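Letter by letter, the chains look like this.
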Amino acid sequence: MSKRRNLLDSAEKRRSLQNVAVARGRLKGALADIMTHTDDDSDSDDPRQLKRSRTATSSESIPIPHQSYIMKLFDRSVDLARFDETTPLYPICRAWMQNQPRVNPKQLRTPSPVKREHNPQMVDQYRNGELKEIRSMPRPDADLVERCPLPLPSQTRTSKELLDVEPMSKATLLAEHKNRWTQIRHNWEQHGRIRNQRHVASFELLDALLKAKF
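Owing to the predicted nature of the structure, the values given are computational and were not obtained by experimental measurement.

Caption draft 1: Expanded view of the overall build of the protein. Helix and strand counts for the protein stand at seven helices and two strands. From first element to last, N terminus to C terminus, the protein shows the α and β order α-α-β-β-α-α-α-α-α. The buried share among the 214 residues of the protein stands at 14%. When contacts within the protein are restricted to residue pairs at least 6 apart in sequence, long-range pairs at least 24 apart make up 52% of them.

Structure, rendered in structure tokens:
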């Protein structure tokens, strides 16, 4: 049974690797095709083409149409004509995820952030049924605690004080370092719990939402 399961897992891995290889090959071929067409158009020596290009350049009232090259990969599409051969893969993937190849990228705007209000009674209103829909989490309380905790006495020792200490063995030195960094970690954890109290309303609201759903 385990051998059969291993064979199935290996077959699925090979299939997924083949899909990735096919997708990469399609994208690379499409980009190469675009660059080939661009080079052919730029190397043309036809006088009529040169005259037409000068006329198009001198005329500012006639807009140049955008030549699109839309490629569909799986269930999404992307206009590869907007990118050149030196474009990193990240912006191409972002355009593919947006799945809007015919929309000008300059017209795509990120949604404005939702304004969060300070409402400590939001949890009670949701539990009582007064609030039916949650559009944003409550704004946290004022930040009255610093982000970093105060240093421990072991962290404020100067280099001169450390040099005046008598030489220690390897085991003693490791034990002292372990004890020191354990105290520092506990200090940061305790300070983080105190600082996160400003988000207690959001934590309680999330807990109420999960309990109502399940």
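Moving on from the coordinates now.
Caption draft 2: Representation of the packing of aromatic side chains within the structure. Evaluation of the coordinates by the stated rule reveals zero aromatic pairs. When the ring centre of W181 is taken as origin, the NZ or CZ atom of R180, which lies over that ring, is 5.0 Å away.

Caption draft 3: A look at the pairing of strand β2 (residues 76-79). Where strand β1 (residues 70-73) lies against β2, four bridges are found, and the strand directions are antiparallel. Bridge pairing in β2 places I70 opposite D79. Hairpin connection from β1 to β2: two residues lie between these consecutive antiparallel strands, with F74 at a positive phi of about 60 degrees.

Caption draft 4: View of unusual backbone geometry. Of note, F74 is a non-glycine position whose phi angle comes to about 60 degrees, a positive value. Structurally, F74 can be placed in the loop between β1 and β2. Its relative accessible area of 55% is what places F74 among the exposed residues. With phi around 55 degrees, N99 is a residue other than glycine that occupies positive phi space. As for its placement among the helices and strands, N99 is situated in the loop between α3 (89-98) and α4 (122-128). Residue N99 is classed as partly exposed on the basis of its relative accessible area, which comes to 32%.

Caption draft 5: Focus on helix α7 (residues 200-213). Here α7 contains 14 residues, and its C-alpha end-to-end distance of 20 Å stays within 8% of the 20 Å for a straight helix at 1.5 Å per residue. The elements touched by buried residues of α7 are α4.

Caption draft 6: Fine view of the layout of surface pockets. One number sums up the size of the second largest pocket: a volume of about 340 Å³. Around the second largest pocket, the lining is made up of 13 residues, and of these A23, L27, L73, L89 and C93 lie nearest the centre. For the lining of the second largest pocket, the elements supplying multiple residues, two or more each, are α1 (2-42), β1 and α3. Per-element tally for the lining of the second largest pocket: the top contributor is α3, with five residues. Tallied by class, residues from the lining of the second largest pocket come to 12 nonpolar, no polar and one charged.

Caption draft 7: Here's a closer look at the nonpolar core. With 11 residues, the main nonpolar core is built from A23, L27, A30, L31, M71, L73, V78, L80, F83, I92 and A95. Of all the secondary structure elements, the ones that give two or more residues to this core are α1, β1 and α3. Per element, the largest residue contribution to this core is four residues, and it comes from α1. One finds M122, V123, L205 and A208 within the second-largest nonpolar core, a separate group that totals five residues.

Caption draft 8: Highlighting a nonpolar patch on the surface. A contiguous nonpolar patch, built from V165, M168 and L173 and spanning about 220 Å² of accessible area, is present on the exposed surface. By secondary structure assignment, the location of M168 is in the loop between α5 (159-163) and α6 (170-195).

Caption draft 9: View of the environment of M122. Position of M122 relative to the elements: it lies in helix α4. Through-space distance from the C-alpha of M122 to that of S202 is 9.2 Å; in sequence the pair is 80 residues apart. Those residues in contact with M122 that lie beyond four places of it in its chain are L131, I134, S136, P138 and L205.

Rules used throughout
Residues numbered from 1 in each chain as written. Predicted model: local features only at pLDDT ≥ 70, side-chain atom pairs only at ≥ 80, totals over all residues. Heavy atoms only, no water. Helix = DSSP H or I, 4+ residues; strand = E, 2+ residues; numbered from the N terminus. Buried < 20%, exposed > 50% of the residue type's maximum accessible area, 1.4 Å probe, protein only. Contact = heavy atoms within 4.5 Å. Phe/Tyr/Trp six-rings, centres within 6.5 Å; stacked < 30°, edge-to-face > 60°. Lys NZ or Arg CZ within 6 Å of the ring centre and 35° of its normal. Pairing = 2+ DSSP bridges. Expected span 1.5 Å × (residues − 1). 1 Å grid on protein atoms, 1.4 Å probe; cavity = no way out; pocket = protein on both sides within 12 Å on 5 of 7 lines; lining within 4 Å. Points joined across faces, edges and corners; volume = space filled by probe spheres on them. Nonpolar A, V, L, I, M, F, W, Y, C, P; charged D, E, K, R; others polar. Core = buried A, V, L, I, M, F, W, Y, C linked by side-chain atoms within 4.5 Å. Patch = residues over 30% accessible without salt bridge, like charges linked within 9 Å, V, L, I, M, F, W, Y side chains within 5 Å. Areas by Shrake-Rupley, 256 points an atom, 1.4 Å probe, with all protein chains shown as cover. Salt bridge = Lys/Arg side-chain N within 4 Å of Asp/Glu carboxyl O.

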